[in-house]
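Here's the letter readout for the chains.
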Amino acid sequence: MVVKKLTLQNFRNYERETFAFAEELNVLFGKNAQGKTNCAEAVFYLCTGASLRIRHDRQLIRRGAECARIGAEVSTRYGALSLEAVIFENKRELFVNGNRVRRALDFLGNMNSVFFSPGELRLILDGPDERRRFLNLSISQTSREYAAALLRYQRILEQRNGLLKERDLSLIGETLPVWDEQLARYAAGIAVRRREYLKELSRLAQEAHAYLTDGAEELSLLPDREYRGDEEGIARALFGELAASRERDLRLGYTTVGPHRDDVKVLIDGADARGYCSQGQARTAALSMKLAEVEIFRSLSGESPVLILDDVMSELDLPRRKKLLDRVGGLQCILTCTHAERVLYGAACNKIRIQGGKIVGGGA
Ligand SMILES: Nc1ncnc2c1ncn2[C@@H]1O[C@H](COP(=O)(O)OP(=O)(O)OP(=O)(O)O)[C@@H](O)[C@H]1O
Ligand SMILES: [Mg+2]
């Protein structure tokens, strides 16, 4: 799929601007703090209904303005698609092809993107939260069923944790098994989908990593806990585990088992990347995971996602930059950088120079 046109109104530092994107490589360039990442963030927002960087949408509204508006015209294999988000201080309105959608879930995944920025190092070096967030967002973009199950799971989990904190033992004895049953059911659905996804992701990331390192390193992604059997069986086993951990959970005041605690192990040449890999290795591993994500979107929806590369070229060594550019040929790519000429090696592209929240021309 291709974003043809992106319109920003009172979004971050943009007052009003329209971007016309080319089908392949688009390069947003300009000095620091001009609005390159803001533009990339807007595209991502239309894909997921969520910002990359923040929790509160209100930060997306240009200071002093009442609401922000992001609109895009997208071409997909099923035809033209228009997406729009209007963001107010305390609410937002989402539109698909001009029709208001009530549930954020129905907005999610109409357009798919893969976002890569230097911050993605966290995916490798940080704790489990980052990897779970990656998995959840990535799977949700192609499966609303997964996104819905995740939402329900999180709600029940909050209820269960609330109950654990109250420490009302008679209430707990009565209602906890009811919550546990539901929790186990949604957890099993999530676990099965993640298991399938991770298997595919691991295979593709391994392949991408071998490509980027000329076969010098081997990357593997493994679940830190294995769920065996079918969904029913997993639900039963998890129900048992929840029951068994009740006492401990009560003591701690939160739920200690389930997919909200699971992690993905990232191994480079068989060793845990978190403990020992270099910055460059971590960057390459994260990039491999993102390139794998591109392939998964492609094979699941028959359509290429929009690849957003925010400020990553300067961090990669020369051969890797070239390899990356070769690899993303054929995809629509929105790349940001401070100096277009230093990263492109004359590759054909649509250059857009940004200054103070405005497009001030193309050229280098
Ligand atoms: N809600 C907002 N209202 C007004 N300005 C904002 C808002 N949010 C962010 N900005 C401003 O937008 C500017 C540009 O941010 P952005 O992250 O897009 O820069 P960039 O061009 O990617 O720079 P860099 O090269 O440093 O990454 C920042 O100076 C920031 O202060
Ligand atoms: Mg930036």
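Residues numbered from 1 in each chain as written. Chains lettered and ligands numbered in written order. Predicted model: local features only at pLDDT ≥ 70, side-chain atom pairs only at ≥ 80, totals over all residues.

(A) Seen up close, the site of ligand 1. Taken together, 16 residues are adjacent to ligand 1, and Asn13, Asn32, Lys36, Thr37 and Asn38 come closest. Considered class by class, the residues forming the shell around ligand 1 number two nonpolar, nine polar and five charged. (Near = placed C-beta within 6 Å. Nonpolar A, V, L, I, M, F, W, Y, C, P; charged D, E, K, R; others polar.)

(B) Geometry of helix α1 (residues 36–48). The first and last C-alpha atoms of α1 sit 19 Å apart over 13 residues, in line with the 18 Å expected at 1.5 Å per residue. For α1, the tally of buried residues reaches twelve of 13 residues, placing the bulk of the element in the interior. All of the buried residues along α1 are Lys36, Asn38, Cys39, Ala40, Glu41, Ala42, Val43, Phe44, Tyr45, Leu46, Cys47 and Thr48. Immediately beyond the C-terminal end of α1, within one or two residues, lies glycine 49, with a positive phi of roughly 70°. (Helix = DSSP H or I, 4+ residues; strand = E, 2+ residues; numbered from the N terminus. Expected span 1.5 Å × (residues − 1). Buried ≥ 20, exposed ≤ 12 C-beta atoms within 10 Å, placed from the backbone.)

(C) Local environment of the packing of helix α6 (residues 169–212) against helix α7 (residues 231–244). One way to put it is that α6 packs onto α7 with a least axis distance of 8 Å and a crossing angle of 130°. Taken together, the axes of α6 and α7 lie oblique to each other. α7 is crossed by α6, and the crossing has right-handed handedness. The segment α6 lies against α7, with Asp180, Glu181, Leu183, Ala184, Arg185, Ala187, Ala188, Gly189, Ala191 and Val192 engaging Glu231, Ile234, Ala235, Leu238, Phe239, Leu242 and Ala243. A breakdown of the residues in the contact of α6 with α7 according to their chemical character gives twelve nonpolar, one polar and four charged. (Axes fitted to C-alpha atoms, helices over the stretch in contact; angles between N-to-C directions. Parallel < 35°, antiparallel > 145°, perpendicular 65-115°, else oblique. Left-handed = near helix turned anticlockwise from the far one by under 90°. Contact = placed C-beta atoms within 7 Å.)

(D) Local environment of the domain arrangement of the protein chain. Annotation of the protein chain at the domain level lists domain 1 (1–112 + 303–364) and domain 2 (126–299). One C-alpha centre belongs to domain 1, the other to domain 2; they are set 28 Å apart. Taken residue by residue, the interface counts 16 residues in domain 1 and 15 residues in domain 2. When contributions to the side of domain 1 that touches domain 2 are tallied by element, the ones reaching two or more residues are α1 and α11 (318–327). Take the side of domain 1 that touches domain 2: its biggest share by element is three residues, from α11. (Domains from an automatic or database assignment.)

(E) Spatial organisation of the environment of arginine 12. Structurally, arginine 12 is set in the loop between β1 (2–11) and β2 (14–20). With 19 C-beta atoms packed within 10 Å, arginine 12 lands in the partly exposed category. The spacing of arginine 12 and isoleucine 61 is 49 residues in sequence and 5.5 Å in space, taken between C-alpha atoms. Beyond its immediate chain neighbours, meaning those up to four positions away, arginine 12 contacts Gly35, Asn38, Leu60 and Arg62.

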